[in-house]
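Reading the structure
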Amino acid sequence: MDNLEKGSWIINTIKHTTGVRTDTVELNDLEVTERAGKSGILLGKLLVDKQEIITGKKLSVFARTANISPDAVKTYAEILKKFGQVDFKLDKFGNVSEMEIYCLTTEDAIKTVADIFEYYEPDEIERGNLESLKTTFEFPASREELTKVLTSGKGISEENVNEILALESAFSLIKKERIENSDIYYNEYAFAGDGSKIAKAIASLPESQRNDVYFVMEQVKQSQGFLADNLTDKINPNIISMMEGVGLLDGITVNSDFGEAVFYTTPQLIGPGISTWKISTDVFNHAKLLLSSLRYGEYKSVSSRGAIYTSSKMMNIVKKLIRGEWVGPCTAIGEDYKLLELDGVISVQPYNGMYKMKLRQLEVGKLVEQMLEYNMVVNDSVNEIDVFNNLPTGYIAPEERRKVIQAERTVPVKNIQEKFIASIRTGGIF
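Now for a description of the structure that goes with this document. (Residues numbered from 1 in each chain as written. Predicted model: local features only at pLDDT ≥ 70, side-chain atom pairs only at ≥ 80, totals over all residues. Heavy atoms only, no water.)

1. Looking at the overall build of the protein
In terms of regular secondary structure, the protein is built from 19 helices and 12 strands. A burial count over the protein gives 50% of its 430 residues as buried. Of all intrachain contacts in the protein linking residues separated by at least 6 positions in sequence, the fraction that spans at least 24 positions is 69%. A total of about 20000 Å² of accessible surface is found on the protein, and carbon and sulfur atoms cover 47% of it. (Helix = DSSP H or I, 4+ residues; strand = E, 2+ residues; numbered from the N terminus. Buried < 20%, exposed > 50% of the residue type's maximum accessible area, 1.4 Å probe, protein only. Contact = heavy atoms within 4.5 Å. Areas by Shrake-Rupley, 256 points an atom, 1.4 Å probe, with all protein chains shown as cover.)

Put into structure tokens, the structure is as follows:
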């Protein structure tokens, strides 16, 4: 588990226990997790685009919203100073009078959480809790399987595994479903659909097919926006269909005059989490569609259309879009990004017989940048920036999304769509 993932689990564990009575005995088992998590939540509220000095009063307000009591503000300020993220001055009463903030990015904040966690030497139970959350986030697991992962794979004693599962049950950190005389554990926030349905679907598979499922999930998680053709030539298509049907895979179809292709992401693309994400469903779906359109240029396009040959070229394109610059010109832009253009995510203009594009929705580009860099979206649990300020209003199930994207376009409908796109590009009417 890398520091980005570890830090996210720590933060979300503590956010999940917010509201639990402070005299709850089980919280003693999460003492280091609480210290690191609250430090990270506070740091996330302090994040700025450049160095800034804030008053002690403002710091106290941020601390209170991070569930840090007034008498503990100095303690947490000292922790953040120890790790080089802030500096501060004290007044004559020994309280923080002003604080200078050095941490500028969500990534640095989350990694600092992991550093704090390690510095205070968490015990086996706290380490095991994070490993258990990670394991059940990736796949539903029986008690026997989860115990084996934690004991054989992570060196945790079986006695402590039992205590970890009891702790997670007490705080509802993971869900448990009784399936065919076996307890199946899963993280209910790992999947957009019904987690119990996914758990049952996997539990019912023979071992060989379960191995196929694990293989597919690992391939896609390592390269989100994975070309479906590169899976179906190795795995029975029925397995792929089952996975998509129950929510283990999300498929996006890119339609182009050059042809069509399907690209897969996993539900884990949204990154480790326990509490509900504050991210617009539309924004997230647009980001997945932009990622898939870029992957189309990587896997399906040819040089004469504007193929994307390297990962560095892909990232350069995304960074240009985020900076508000025009990308292109090439033929592919006018053919592969029409849905994004119709949804107002990008602007497209004709240019010397080809096309160039510009990003209209900055938050979409930022999400795609994270998808390419980390193969997940970095959890915004610590950073309440504008891009994440709307709670989800719902989720379009993968099969429903596919029906919309893959719907056969009749000639009249296609002609109307083309006229509408032309109108957008020229500023005219049709």
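2. Observations concerning helix 4 (residues 73-82)
Of all the positions in helix 4, only V73, Y76, A77, I79 and L80 are classed as buried. Take helix 4 and look down its axis: the buried residues cluster within an arc of 160°, on one side only. Taken from the residues just after helix 4, G84 is the one with a positive phi, measuring 75°. (Arc of directions from axis to C-beta.)

3. Describing the nonpolar core
In terms of nonpolar packing, the biggest core is built from 54 residues, with L42, L46, L59, I68, L80 and M99 touching the most fellow members. At 6 residues, the largest contribution of residues to this core is made by helix 2 (residues 31-46). Apart from residues lying up to four places away in sequence, I68 is in contact with K38, L42, A63, V73 and Y76. Of all hydrophobic cores here, the second largest spans 33 residues; its members include L289, M314, L321 and L367. (Core = buried A, V, L, I, M, F, W, Y, C linked by side-chain atoms within 4.5 Å.)

4. Digging into the side chain of E131
Among the structural elements, E131 can be located in helix 6 (residues 124-138). The exposure class assigned to E131 is buried, which follows from its relative accessible area of 15%. Those residues in contact with E131, other than ones at most four positions away along the chain, are M1, L150 and K154.

5. Comments concerning the sheet that holds strand 8 (residues 250-256)
What holds strands together in a sheet is hydrogen bonding between their backbones, with the strands either parallel or antiparallel. The 3 strands are arranged 7-9-8 in an open sheet whose pairing can be described as antiparallel. Taken across any chain shown, the strands that pair with only one partner, and hence form the sheet edges, are strand 7 (226-227) and strand 8. One ladder, built from 7 bridges, connects strand 8 with strand 9 (residues 259-265); its direction is antiparallel. Its bridge partner lying in strand 9, D250 is registered against T265. (Pairing = 2+ DSSP bridges.)

6. A closer look at the sheet that holds strand 3 (residues 96-101)
Sheet architecture is open: 3 strands sit in the order 1-3-2, paired in antiparallel fashion. Each having just a single partner strand, strand 1 (52-55) and strand 2 (86-90) make up the two edges of the open sheet. The sheet shows a mean angle of 20° between the axes of neighbouring strands, taken without regard to direction. With 4 bridges joining them, strand 1 and strand 3 adopt antiparallel strand pairing. Counted as the bridge partner of E52 is I101 from strand 3. (Axes fitted to C-alpha atoms, helices over the stretch in contact; angles between N-to-C directions.)

7. Describing the pattern of salt bridges
One pass over the full model with this rule turns up 18 salt bridges. With a closest N to O distance of 3.9 Å, E218 and K221 form a salt bridge. With E218 and K221 both in helix 10 (residues 207-222) and 3 residues apart, the pair spans about one turn of that helix. With a relative accessible area of 14%, K221 lands in the buried category. In this structure, a network of salt bridges that share partners links the residues E5, K134, E138, E218 and K221. (Salt bridge = Lys/Arg side-chain N within 4 Å of Asp/Glu carboxyl O.)

8. What to know about the packing of aromatic side chains
A full pass over the atoms with the stated rule returns 4 aromatic pairs. Where W9 meets F137, the ring centres are 5.3 Å apart and the plane angle is 80°; that geometry is what we call edge-to-face. A residue pair is termed long-range when its members are at least 10 positions apart, and W9 in helix 1 (residues 3-16) and F137 in helix 6 qualify at 128 residues. The pair W9 / F137 is uniform in exposure class, with both members buried. Ring geometry for F139 against Y214: centres 4.6 Å apart, planes inclined by 65°, an arrangement best described as edge-to-face. Here the residue F139 occupies a position in the loop between helix 6 and strand 4 (141-142), and Y214 occupies one in helix 10, the gap between them amounting to 75 residues. These aromatic residues form a ring-pair network of at least three members: F83, Y119 and Y120. Lying across the ring of Y120, R35 places its NZ or CZ 4.5 Å from the centre. If you follow K81 out to its NZ or CZ, it ends over the ring of F88, 5.2 Å from the centre. (Phe/Tyr/Trp six-rings, centres within 6.5 Å; stacked < 30°, edge-to-face > 60°. Lys NZ or Arg CZ within 6 Å of the ring centre and 35° of its normal.)

9. Focus: the pairing of strand 5 (residues 175-179)
Note that strand 5 and strand 6 (residues 182-186) share 5 bridges and pair antiparallel. Counted as the bridge partner of R178 is D183 from strand 6. Where strand 5 folds back onto strand 6 in an antiparallel hairpin, the turn is made up of 2 residues, including E180, whose phi is positive at roughly 50°.

10. A look at the packing of helix 2 against helix 5 (residues 106-119)
In the contact formed by helix 2 and helix 5, the axes pass within 9 Å of each other and the chain directions differ by 155°. Put simply, helix 2 runs roughly antiparallel to helix 5. The two elements helix 2 and helix 5 meet at a crossing, and its hand is right-handed. Only A109, T112, V113, I116 and F117 of helix 5 make contact with helix 2, whose side of the interface consists of V32, T33, A36, G37, S39, G40 and L43. Considering only residue class, the contact of helix 2 with helix 5 consists of 7 nonpolar, 5 polar and no charged. (Parallel < 35°, antiparallel > 145°, perpendicular 65-115°, else oblique. Left-handed = near helix turned anticlockwise from the far one by under 90°. Nonpolar A, V, L, I, M, F, W, Y, C, P; charged D, E, K, R; others polar.)

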